Amino acid sequence: VQLQASGGGLVQAGGSLRLSCTASGSTFRIYGVGWFRQAPGKEHEFVTAITWSSGLSYYVDSVAGRFTISGDRAKNMVYLQMNKLKPEDTAVYYCAASRAYDIDTYYRQTSYHVWGQGTLVTVSS
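Residues numbered from 1 in each chain as written. Predicted model: local features only at pLDDT ≥ 70, side-chain atom pairs only at ≥ 80, totals over all residues. Heavy atoms only, no water.

Colleague: Where do I start with the environment of T122 in this structure?
Modeller: Looking at the secondary structure, you find T122 in strand β11 (residues 119-124). C-alpha separation for the pair T122 and V1, spaced 121 residues apart in sequence, amounts to 28 Å. Discounting chain neighbours no more than four positions away, the residues touching T122 are G9, L10, V11 and T90. (Helix = DSSP H or I, 4+ residues; strand = E, 2+ residues; numbered from the N terminus. Contact = heavy atoms within 4.5 Å.)

Colleague: Just checking my understanding: could you explain the side chain of D89 for this structure?
Modeller: Here D89 shows up in the loop between β8 (77-82) and β9 (91-98). For D89, a relative accessible area of 1% corresponds to the buried category. A polar contact is formed between the side chain of D89 and the side chain of R66, at a distance of 2.7 Å. (Buried < 20%, exposed > 50% of the residue type's maximum accessible area, 1.4 Å probe, protein only. Polar contact = N/O pair within 3.5 Å; in protein donor to acceptor, adjacent residues only side chain to side chain.)

Colleague: Help me understand the state of the cysteines, please; the structure alone is not making it clear to me.
Modeller: Working definition: the covalent bond between the sulfur atoms of two cysteines is a disulfide. Tallying each qualifying case throughout the model produces one disulfide. In this model C21 forms its disulfide with C95; the gap between the sulfur atoms is 2.2 Å. Residues C21 and C95 are joined through a disulfide that is right-handed, its torsion about the S-S bond being 75 degrees. Separated by 74 residues along the polypeptide, C21 in strand β3 (residues 17-24) and C95 in strand β9 bring together distant segments of the chain. Judged by its relative accessible area of 3%, C21 is buried. (Disulfide = S-S within 2.5 Å.)

Colleague: Just to check I follow, could you spell out the side chain of S20 for this structure?
Modeller: Residue position: S20 is located in strand β3. If we ignore the near neighbours within four places in the chain, the residues touching S20 are Q4, A5, S6, W35, M77, V78 and Y79.

Colleague: How do you make sense of the pairing of β11 when you look at a structure like this?
Modeller: Two faces, one strand: in a regular strand the side chains alternate between the faces of the sheet. What you see with β11 is a clean split: T119, V121 and V123 sit on the buried side and L120, T122 and S124 on the side with no burial. Sheet topology places strand β2 (residues 9-12) next to β11; four bridges connect them, and they run parallel. The residue of β11 that forms the bridge with L10 is T122. Where β9 and β11 come together, three bridges link them in antiparallel fashion. Bridging across to β11, A91 finds its partner in V121. (Pairing = 2+ DSSP bridges.)

Colleague: Mind showing me how you'd approach the nonpolar core here?
Modeller: Core analysis: the biggest nonpolar cluster contains 28 residues, and W35, F67, V78, L80, M82 and Y93 have the highest contact counts within it. Within the residue set of this core, elements represented by two or more residues are β1 (2-6), β3, β4 (32-38), β5 (44-51), β7 (67-72), β8, β9 and β11. Among residues more than four places away in sequence, those in contact with V78 are L19, S20, C21, V33, W35, I50, W52, I69, S70 and G71. (Core = buried A, V, L, I, M, F, W, Y, C linked by side-chain atoms within 4.5 Å.)

Colleague: Explanation requested: the sheet that holds β1 in the structure shown.
Modeller: In a beta sheet, neighbouring strands are held together by backbone hydrogen bonds and run either parallel or antiparallel to one another. Read from one edge to the other, the open sheet built from four strands follows the order β1-β3-β8-β7, with strand pairing classed as antiparallel. The open sheet has two edge strands, β1 and β7, and neither has a second partner. For this sheet, the mean angle separating the axes of adjacent strands, direction not counted, is 15 degrees. By the bridge criterion, five bridges tie β1 to β3 in an arrangement that is antiparallel. From the neighbouring strand, S6 faces β3, where its bridge partner is S20. (Axes fitted to C-alpha atoms, helices over the stretch in contact; angles between N-to-C directions.)

Okay, here's the thing in structure tokens:
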């Protein structure tokens, strides 16, 4: 399976962006998809994840209420709608695929077996 993230760009604070993650290849064993981000000089940070079968999702506190993850299993796509963006949201965003059943483990990078290339989101103040 391969993942392709897209949709990043430059936006002013308070603006919105929608990121897309497209999965291709053997996707039948993907049970969940997560988004992580890495800001300059910082480590990877979990942002949100969704289970493809049931649509369960959860978010890191810093984006809850502003970001929304959704999935279209038929199209093998996951979206990350980001609203009310802040300069601290500036980062390279990565999507990743998981075979884990338990969404409670999706905050861990080790729960993911495939990673897409990142897409840069820059939020200006």
